[in-house]
Each structure stands twice: as structure tokens, then as C-alpha cells.
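Observations on the model geometry
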Amino acid sequence: MYLLIVFLPLLGSSVAGFFGRFLGSEGTAIMTTTCVSFSSILSLIAFYEVAPGASACYLRIAPWISSEMFDASWGSVFDSPTVVMLIVVTSISSLVHLYSISYMSEDPHSPRFMCYLSIPTFFMPMLVTGDNSLQLFLGWEGVGLASYLLIHFWFTRLQADKAATKAMPVNRVGDFGLAPGISGRFTLFQTVDFSTIFARASAPRNSWIFCNMRLNAITLICILLFIGAVGKSAQIGSHTRSPDAMEGPTPVSASIHAATMVTAGVFMIARCSPLFEYPPTALIVITSAGAMTSFLAATTGILQNDLKRVIAYSTCSQLGYMIFACGISNYSVSVFHLMNHAFFKALLFLSAGSVIHAMSDEQDMRKMGGLASSFPLTYAMMLMGSLSLIGFPFPTGFYSKDVILELAYTKYTISGNFAFWLGSLSVLFTSYYSFRLLFLTFLVPTNSFGRDRLRCHDAPIPMAIPSILLALGSLFVGYLAKDMMIGLGSNFWANSPFVLPKNEILAESEFAAPTITKLIPILFSTSGASLAYNVNPVADQFQRAFQTSTFCNRLYCFFNKRWFFDQVLNDFLVRSFLRFGYSVSFEALDKGAIEILGPYGISYTFRRLAERISQLQSGSVYHYAFAMLLGSTPFVTFSRMWDSLSSWVDSRSSFIWIVSSFLNNKSSQE
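Residues numbered from 1 in each chain as written. Predicted model: local features only at pLDDT ≥ 70, side-chain atom pairs only at ≥ 80, totals over all residues. Heavy atoms only, no water.

Brief notes about the overall build of the chain
Each helix and strand counted, the chain has 27 helices and four strands in total. Taken over C-alpha atoms, the radius of gyration comes to 33 Å for the chain, far larger than the 26 Å a tight globule of 670 residues would show. Each principal axis of the C-alpha distribution contributes one length, and for the chain these read about 115 × 65 × 60 Å. Relative to its full complement of 670 residues, the chain shows a buried share of 52%. Contacts spanning at least 24 positions in sequence make up 80% of the contacts within the chain whose residues lie at least 6 apart. Summed over all atoms, the accessible surface of the chain reaches about 30,800 Å², with 67% contributed by carbon and sulfur. (Helix = DSSP H or I, 4+ residues; strand = E, 2+ residues; numbered from the N terminus. Rg over C-alpha atoms; globule rule 2.2 N^0.38 Å. Buried < 20%, exposed > 50% of the residue type's maximum accessible area, 1.4 Å probe, protein only. Contact = heavy atoms within 4.5 Å. Areas by Shrake-Rupley, 256 points an atom, 1.4 Å probe, with all protein chains shown as cover.)

The structure is reproduced here in C-alpha cells:
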């Protein structure tokens, strides 16, 4: 049963890929959706067997690599974090598959799309169930490949080409950290098996001084692993690919940004918590990066006009919360927020897809407005998702987001306070752009084309059912799972995300945090909503004020252009690498030294030698006879005289004399 959870999506994807043209659009849709749905049902059964009793299941499938002391086998571990992730991945993916049947019904390449859509649903369970670093890395690369294929699905669109081409190098930046981190773990512990590595993580290791800081090997390994998480989970620096991924179909955005790829980095940190607990420097770096990501993405989203990009930046912001929750050593709360976030973020994306699908693929919110009467169900779904996103009391997001901020405050460190205040300000901006999206899309006077208004319609039944189920999850999952997953005294996680006793602050955040601290996120969320309510109905005057004021105009450009991150990266990194690649790697090495010393140089040398030799070919017989005579005369003479000269000449002395005379002539010339 456990293996079927992983391999059923692969079966559906393979059948859709190899036999899609025979099955047709409906056949591939039914096949892939059925496989993923059965995988989701089996995940619920696995959750019931594993999580409540904290009874992990370990499976050894087959040997893979065995060389002397190195052993890496195909194996799976099903513990509490694994089954939670399996429920998130398979349930969200099954609903996205069901939604895609109607959404992609008019696309002529829907069998290929359904094939691609099942690929991350196979690689993500492989990632979360792997019991060693190599299997995790295989799933890690697989979800990166799946993101490229899905973003690049409409390959005739230039922007989709650019976005997919951009996604791959950014993923490679993360792999540049993860691969050395895995190699470092093998060098340090002589194994890639998680259980062995975690059992030996507390042993003291060699350390050295770098930049007036004492670093040890495990600190370096944890920072390298975090670089991998930065590349995969769209943290600061590599967050620019996340909004560009919106060029794919909307179900792709829901799958990648809610359930599969972007959550891989958070899970990897939670899985490797026994390593991250010991170096405090690594935890400080993780906390600071996560807090800055949440603030950066939240401030960027307030002035974006693309419907899906606003939701994409909210994903980056929420991933920042998950990362800095790991940085303050509360991995269980981070995974809990990851689960909650998957439901309301998938709901937001699917609701946005319903609007875009009905409005002739229009994504600019400024060209919408007044759609609440035409989309009552979609408006209600998006309102529920937005309330859960901003942490409004009692929907799902409230039960994890506020806990993260309280934990950051009760950490009582500089990094904890830094994360708390940036996270609280992010709540304000998140509330503002969430309600700005609602106002511009559904409530302000209409600004859309008449032909779109005449043809627009609410979501059909196959698209409405997944949205309704996700809305129920966005309202009730947090309340139902809070005490079980992060309640005091709960044995749900069974020490799987390991936390040192000195870093355990959940009880203190529950009982010792001041009341005003617990109220700050709620005050900020209501303030952001009221600000959006007061600003966006008079958006024209607000826009005019920004355009007439020099400072406001520059501020608007700064946020609308995403802090100029793309320009900075292109000017200072991308162009430098391209210039280096062309002038050094291509011209000097590939077309220079390697080509001259390699195939081109060898072919040129033999060609010139052949030309010289060919000049000796005159075509006259007496020339050839004379050359043969000149060559054979010394040979015959020397061979006949050798018997008489051999007793007088020592061949070894002659060789030494010739070599010494050659060296003497060379030294005299110098």
C-alpha cells in the first residue's frame, strides 16, 4: 500500500505519455485523475496508521549502490512529517487534476498536460519518503524538471519560454548548495543514510576561524543545505522565478506553489532538523533570510496588477514564514503552516483561474471590476482564501501564522525580534494586497470589455467542486489539526523533527507572551484590509497623487518593478556570467586551447604535413629512384661496416656523448 502511494501517479503519467494519442483527452484525464485520487485515499489510510500512534514504517525496497563502505539502497520511511506531506501533495494534486479536466478541455494538447501534471505528484512523494540523501536528491531534481515542463507547456509563447529558461538556472543555484551539502555529509559521516547521520550529528567535529567567527563542518553543511532550500523554496535572491512561473496554465501554479515544488525546501530543512539544531549560526542565517523574504515579497505584492502574480508573491511571503519558523527551531509549526497554506493557496489559485478562464484569459486586475454579481461562488471562495491568508481569526491560516509570530517574539534574541517585526509588517502588507485584489477584481465599478462581460460565467461544476472542497479545508483544517499537531503535550511528531530542549519555547509562547503581542497580527491584518477598502474605491485619485508626486512616483516604480531585483541580477550577475562564458569558456577554452590542442590542431597539423609531403611527389620515375638510392646507400654502408666497427665503438658511450654534446650546445647558445 505504501509503495502504491508513490508509484500510482507515475503509472498515470506513463500511460498518459505513451498512450495519450490513443486514449484521447478524456481517457488521459480519467486515467491520471483516478491514479492520483487513489494515491490520495491511500495517503489518508497511511496517515491513520502512522501519525496518531507515532508508529513509523520503514521499507527497504532494493539495493542500489553498494561499494565497500558506501551503501545506498532504495528505501522509504513513513513517519509523521512524511504522511502529512503525502496528504498535502496527493490531495491537492487530485483536486487540481479534477479542476484541470474542465479548465484544459479546449486545449488540443491536454493529454500531454495531464502527463506533465502527474510528474511532480510522483517525484514529490519520492522526495519526502526517501530514507537517504541520494533518493531525496533524485526527487529534488525531479520536481525541478516537472516545474520546467509545466511552465513551458505553452512553448509557443515567448514569455513562457523565458520563464521556463529562467527557472532552470535558478534551480541550479539551489543544487549548487545542496549537492556539496550532501557530499559534505558523506565526507563527515561516511554514509548517506538519514538515521545514521542524525544519530551521529551531536558528535563534536573539527572547527576553524573564518571572518572572526568559529565555524565547524556541520555549520558549513547546514548553510549549504539551506542554499539548496533557498533555490527551491523561492527565498530572497532566487524568489524572482516564482512570479515568472505564472506563465504556465493556472492549475500548474496551484500545483507548484501550493503542494509540490516550493514546499520541498521547507520539508528538507524539517527532515534534517537534527543537523540544523546544533550550529546556532545556521539557524540565525535561516531566520534572517526567511524574515527578509516574507517582508520583501509582501511589499512587492502591494502594487502588482497581475492577478496571479499577486498570489505568487503571497506564496513567497508565506514561504518566508515557514523558513524562519524553522530558524527558530519550530519545525513542527513550520510543517503545520505548510499544510494549512497548501489548502488556501490552492483555493486562491483555482479561484483566480476561474476568473481568468471566464474573462478570455485576461489577468490584469485593472481590466476587471464588478465581477461579484457574475461570479458569486468564485467571489465567496476567494474571500475565504484571502481571510485565511491574512490570518483573520478562526480560518485555517490563523492557527499557524499567529503561532509562528508568537514563537519568534518569545525567542528573545535579536534574530527572533527581527523576524517578529518583519513578519508583523508583512501581515499588514499581505492584508492590503489581498483585499486590494478582491476590490479591484470583484467590487469596484467594472472596467472590463463588454464582450468579456457578456460571455463571462461562474465556474462550472468540475471546477467548482475542487474549489468548494479546498474552501472547507481553508476554513476548518487549522482548527481541527491544531491541538493534534502543535498542541502542548502532543506526541504526534514522535521526535521526528528533533528540537534541542534549550530551543523548545512552544509552552512559553502560549502562556508567557504578552497579550498585546498576540493582538499585533490581528490589528495589522484589519488595518491592511481597512486601508485597502479606503484606497482602492478611489484608486484613480490615489494613482494620480502617486503620479504627480516625484517621491511617490519613484516609490511606486520601486515596488511595482519588484525592488529592481531582476535588473540588479541581470546587470551584475547574469551579464557577467554570460560575458565570462563567451570570452573565457567559449573563445579562450572551447574555441581556443581545447580546439587547437584537440581536433582542429591535430587535423591542421596532419593537413600541412600532407601538403609538404605531397610536394615531393613529382611524378618522375628517376626522382623516385634517386630518392630510394639516397635512402638505401647509408643504410647498406653502415650495416656492412658495423661488424668491423662494433669492436671499436661502445654504443652506450656514443649515446651519452651525443646527448651531452647537444646539451652543451644548448647551454652555450643561452
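That was the structure; now back to the text.
Notes on the nonpolar core
Of all hydrophobic cores here, the largest spans 173 residues; its most connected members are Ile 92, Leu 275, Phe 276, Met 339 and Met 485. Looking at this core, the element that brings in the most residues is helix α14 (residues 331-358), giving 18 residues. Beyond its immediate stretch of four places on either side in the chain, Phe 276 contacts Cys 222, Leu 225, Phe 226, Ile 269, Leu 283, Ile 286 and Tyr 331. (Core = buried A, V, L, I, M, F, W, Y, C linked by side-chain atoms within 4.5 Å.)

Considering the domain arrangement of the chain
Accessible area lost upon the coming together of the parts is a frequently used measure of interface size. Each domain of the chain was delimited in the assignment, giving domain 1 (306-492 + 501-531), domain 2 (539-592) and domain 3 (598-646). The C-alpha centroid of domain 2 is placed 29 Å from the C-alpha centroid of domain 1. (Domains from an automatic or database assignment.)

Some thoughts on the packing of aromatic side chains
Applying the stated criterion across every chain, the model contains 21 aromatic pairs. With 5.1 Å between their ring centres and 45° between their planes, Tyr 379 and Phe 442 make a pair best called tilted. Of this pair, Tyr 379 sits in helix α15 (residues 376-389) while Phe 442 sits in helix α17 (residues 414-443), and the two are 63 residues apart along the sequence. Three or more aromatic residues joined by ring pairs make a cluster, and in this case those are Phe 394, Phe 398, Tyr 399 and Tyr 479. (Phe/Tyr/Trp six-rings, centres within 6.5 Å; stacked < 30°, edge-to-face > 60°.)

Notes on the pairing of strand β2 (residues 70-78)
Among the nine residues of β2, seven are classified as buried, and the element is accordingly described as predominantly covered. In the sheet, strand β1 (residues 57-67) pairs with β2 via nine bridges, with the strands oriented antiparallel. In the strand pairing of β2, Ala 62 is matched with Trp 74. Where β1 hands over to β2, the hairpin turn is made up of two residues, of which Glu 68 adopts a positive phi near 55°. (Pairing = 2+ DSSP bridges.)

Focus on unusual backbone geometry
Notably, Gln 190 is not glycine yet its phi reads approximately 60°, a positive angle. With respect to the helices, strands and loops of the structure, Gln 190 is situated in the loop between α5 (158-189) and α6 (194-199). In the Ramachandran plot, Phe 394 falls in the positive-phi region, its phi being about 90° despite a non-glycine side chain. Note that Phe 394 resides in the loop between α15 and α16 (398-409).

Regarding the pattern of salt bridges
All told, the structure shown has four salt bridges when counted by the stated rule. Linking Arg 271 and Asp 79 is a salt bridge whose minimum nitrogen-to-oxygen distance equals 2.8 Å. Taken as a pair, Arg 271 in helix α10 (residues 264-271) and Asp 79 in the loop between β2 and α2 (80-103) lie far apart in primary sequence, 192 residues in all. Judged on exposure class, the residue Arg 271 and its partner Asp 79 are both buried. Two residues, Arg 366 and Asp 364, come together in a salt bridge whose shortest N-O distance is 2.9 Å. The class for Arg 366 is partly exposed, based on a relative accessible area of 45%. According to the relative accessible area criterion, Asp 364 is buried, its value standing at 15%. Each of Glu 141, Arg 172 and Asp 175 takes part in one network of salt bridges that share partners. (Salt bridge = Lys/Arg side-chain N within 4 Å of Asp/Glu carboxyl O.)

What about the UniProt feature "signal peptide" (unreviewed entry) in the chain?
The positions UniProt marks with the feature "signal peptide" (unreviewed entry) are residues 1-16. As a span, residues 1-16 carries 94% helix and 0% strand, and end to end its C-alpha atoms are 23 Å apart. (UniProt positions renumbered as here; feature names shortened; annotations may be inferred.)

Brief notes about α15
For α15, with 14 residues, the first-to-last C-alpha span of 20 Å sits near the 20 Å given by 1.5 Å per residue. Those residues of α15 not exposed but buried are Thr 378, Met 381, Met 382, Gly 385, Ser 386, Ser 388 and Leu 389. Considered in projection along α15, the buried side chains sweep an arc of 160° and stay on one side of the axis. Looking at the buried side of α15, the elements it contacts are α13 (307-327), α14, α16, α17 and α19 (461-486). The positive-phi residue at the C-terminal boundary of α15 is Gly 391, with phi of around 80°. (Expected span 1.5 Å × (residues − 1). Arc of directions from axis to C-beta.)

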